[in-house]
Amino acid sequence: MFITFCRSLALSLLVLGGTAVLFPSAGCAIDARFELDPAQVKKESGSAVRRGKHARSGASHRYIKSPRTKIALHKSPLEQPTSTLQLTSYGTEVEGIPDIRRIRSFWDTLVPAGDTVLPALSLKSDAFELTMDPVRYPLLKAADGGLILLDRDASLPPLVRTLIQEKDSKVRVVTASPADARRFLGLLFGAAGFYSVEEQPVMTFGKDPQLKVRSDFKVERSAESVMNNEVMLVSAARQGLPLRLAEYLKTQGLTVSEPFADQVHTPVPLRHRVVRATPQGQGQAVDLVLETLAVSAERNRRVELFRTSETGVGLSVAAERYFEYDGKRFVVTRFTGDPVTYTLFRLLETKGYRVVILEPQDDFKTVTGKLLFRMDLPSRYAAHLLLADPAGKYSFEMSGFMLENAAKGGGAVMLTDRPIEKGMRELLYDHGYQVQER
């Protein structure tokens, strides 16, 4: 009987061995892309144990029974692993992270969704049926007719991503947190299919004055965007651009969009002055400088060179402007080519007068430069930076004479002959410059 038992056991082992050779395990037939990572399973099971749960209770509800069987491919939000990028709430705004309603509102300005509400993503095949939570994984419409699936907390399983990409190539998954606003927008634009997206553009308006505006992105939705004045400047900053600047850009065919801005630029008190000289004669240019500096002047005054009581000879010289400043006496005159007159004014200098001699070809820049030089107010006609945003988003410069601490309260005064258009005047006003035209 013992011999019979041994023969039966050997026969059984032989049959089992043949079965293993002829019928390999089902695991060997699964595409490597869809295999579960044992290390990940072990990691998730260990996490569940550390949370005080049974290893199986914390495991993923991802399972495959057989073809034509539905696959549960999503976890409850409470069962998802946490990370520094994960949103703690999917329907409300977390501090520093805008909610989906805010993102949708911004996106509608670029790709209008119309009255159609995008449904939850749902994919079906003979092997599986996939349904996505529209709150956790919202859909946005792409500019080229595709769809964008937002994975805001990097929680989308790689298996699900692969299924989506293979089943529907029009669906593009964007994995990024709105907390990193610039990166989030960059990836979103990269998946949107716009005609043109330029990063970190610098736009220049005017030559002198010159306004420079820097943005995170410049978006052209179609080839006709420039012609139709539909170019969008998108900023990821939390500090919004000044309202006047946004309005000026609108007149230039550029619409500003700041989906993450929650701080508004507020105007600053008027402290500085920009005095613009309109095209006038040399005498008016002199008067403009003196009035700006609150200096009184006399016109066509006779300045005594010699007194009769002192020398027995009385001699006076006609000066176009006479004024006193900082304890010194000044005379402004014109050079007509008469050497005698020129000599007389040079003699006035020996008497302690400071003489400013203007020549026929002198324009506003030359007249003002000569006058300020003689008054010991060092300044030269050059391009000066009047505005500079701390974040580098915009700047404004203009040519003229800059006089520091010349305004009431210690502010600066700029004398210029450059024309300033209305939008730029308003921008200067919001930054503390009172623009005057004489």
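Structure: see above.
The structure presented is a predicted model; accordingly, all values stated were derived computationally and were not measured.

Notes on the side chain of Asp430
Phase 1: With respect to the helices and strands, Asp430 occurs in helix α11 (residues 422–430).
Phase 2: Apart from residues lying up to four places away in sequence, Asp430 is in contact with Arg244, His265, Pro267 and Val268.

Thoughts on the pattern of salt bridges
Phase 1: What the rule picks out here adds up to 21 salt bridges.
Phase 2: Its salt-bridge partner being Arg221, residue Glu230 comes within 3.9 Å of it at the nearest N-O pair.
Phase 3: Using a relative accessible area of 28% as the deciding quantity, one classes Arg221 as partly exposed.
Phase 4: Asp262 serves as the salt-bridge partner of Arg238, at 2.3 Å between the closest nitrogen and oxygen. In this pair, Arg238 sits in the loop between β10 (231–234) and α6 (243–251) while Asp262 sits in the loop between β11 (254–257) and β12 (272–276), placing the two residues 24 residues apart along the sequence.
Phase 5: Judged by relative accessible area, which is 42%, Asp262 ranks as partly exposed.

Considerations on the sheet that holds strand β4 (residues 147–151)
Within a sheet, neighbouring strands are paired by backbone hydrogen bonds and run either parallel or antiparallel to one another.
Phase 1: Ordered by their spatial adjacency, 3 strands build an open sheet running β3-β4-β5, and the pairing between neighbours is mixed. A strand with exactly one partner marks an edge of an open sheet, and here the two such strands are β3 (139–141) and β5 (171–175). Averaged over all neighbouring strand pairs, the angle between strand axes comes to 30°, with direction disregarded.
Phase 2: When β3 meets β4, the two strands line up antiparallel, connected through 3 bridges. Note on β4: the bridge partner recorded for Leu139 is Leu149.

Considering the sheet that holds strand β15 (residues 328–334)
Phase 1: The strand order β13-β14-β15-β16 describes an open sheet built from 4 strands, whose pairing is mixed. The open sheet terminates on both sides in strands that have one partner only, identified here as β13 (297–306) and β16 (354–358). Averaged over neighbouring strand pairs, the angle between their axes works out to 45° when direction is ignored.
Phase 2: The pairing of strand β14 (residues 315–325) with β15 spans 5 bridges and is antiparallel. Residue pairing in the sheet places Phe323 in a bridge with Phe330 of β15.
Phase 3: Those strands touched by helix α7 (residues 282–292) are β13, β14, β15 and β16, and its axis lies near 35° from that of β14.
Phase 4: Against the sheet, helix α10 (residues 364–374) engages β14, β15 and β16, with an angle of about 170° to β16.

Details of the environment of Thr292
Phase 1: With respect to the element layout, Thr292 can be found in helix α7.
Phase 2: Taking the C-alpha atoms as reference, Thr292 lies 8.3 Å from Val413; in sequence the two are 121 residues apart.
Phase 3: With near-sequence residues (within four places) excluded, Thr292 lies in contact with Arg273, Val275, Val413 and Leu415.
Phase 4: A distance of 2.7 Å separates a polar atom in the side chain of Thr292 from the backbone oxygen of Leu288.

Some thoughts on the environment of Leu110
Phase 1: Its place among the elements puts Leu110 in helix α3 (residues 100–110).
Phase 2: Residue classification places Leu110 among the buried positions, given a relative accessible area of 3%.
Phase 3: Residues Leu110 and Arg221 lie 111 residues apart in sequence; the distance between their C-alpha atoms is 7.3 Å.
Phase 4: The contact partners of Leu110, leaving out residues within four places of it in the chain, are Phe189, Phe194, Val219, Arg221 and Met232.

Let's talk about the pairing of β16
Phase 1: With 4 of 5 residues buried, β16 lies mostly within the body of the structure.
Phase 2: Where β15 lies against β16, 5 bridges are found, and the strand directions are parallel. Paired with Val332 across the two strands is Val356, which belongs to β16.
Phase 3: Following the chain from β15 across helix α9 (residues 339–350) to the adjacent parallel β16, one finds a crossover that is right-handed.

As for α9
Phase 1: Taking 1.5 Å per residue, 12 residues should reach 16 Å; α9 reaches 17 Å between its end C-alpha atoms and fits that length.
Phase 2: Phi turns positive one or two residues past the end of α9, at Gly352, with a value near 100°.

Comments concerning α10
Phase 1: Along α10, the residues classified as buried are Phe364, Val367, Thr368, Leu371 and Leu372. What you see down the axis of α10 is that its buried residues fit within an arc of 120°, all on one side.
Phase 2: Taken together, the buried residues of α10 touch α7, β14, β15, β16, β18 (394–403) and β19 (413–416).
Phase 3: Residue Asp376 follows α10 closely and has a positive phi angle near 60°.

The rules behind each value
The residue count restarts for each chain, going from 1 along the sequence in the order it is written. This being a predicted model, a pLDDT of at least 70 is required before a residue's local features are given, and a value of 80 or more before pairs of side-chain atoms are given or counted; all residues contribute to the totals for chains, interfaces and linings. Computation of side-chain values: all heavy atoms of the structure, hydrogens and water removed. The numbering of helices and of strands both runs from the N terminus, where a helix is a DSSP run of H or I of at least 4 residues and a strand a run of E of at least 2. By definition in these notes, contact holds between two residues if any of their heavy atoms fall within 4.5 Å. A pairing counts as a salt bridge when a side-chain nitrogen of Lys or Arg comes within 4 Å of a carboxyl oxygen of Asp or Glu. Exposed residues in this analysis have more than 50% of their type's maximum accessible area, buried residues have under 20%, and partly exposed residues fall in between, with area computed by a 1.4 Å probe over protein chains only. Strands qualify as paired when DSSP identifies two bridges or more between them. Axis angles are defined between N-to-C directions and span 0 to 180 degrees, where every axis is a line fitted to C-alpha atoms and, for a helix, only to the segment in contact. Identification of polar contacts relies on pairs of N or O atoms within 3.5 Å, with a donor-acceptor requirement for protein atoms, meaning one able to donate a hydrogen and the other able to accept it, and with residues adjacent in sequence counted only if both atoms are side-chain atoms. Note on handedness: a crossover is taken as right-handed if, strands pointing away from the viewer, the path from the first strand over the helix to the second is clockwise. Working rule for helices: expected span equals 1.5 Å times residues minus one. To be clear, the arc concerns the directions from the helix axis to the C-beta atoms.

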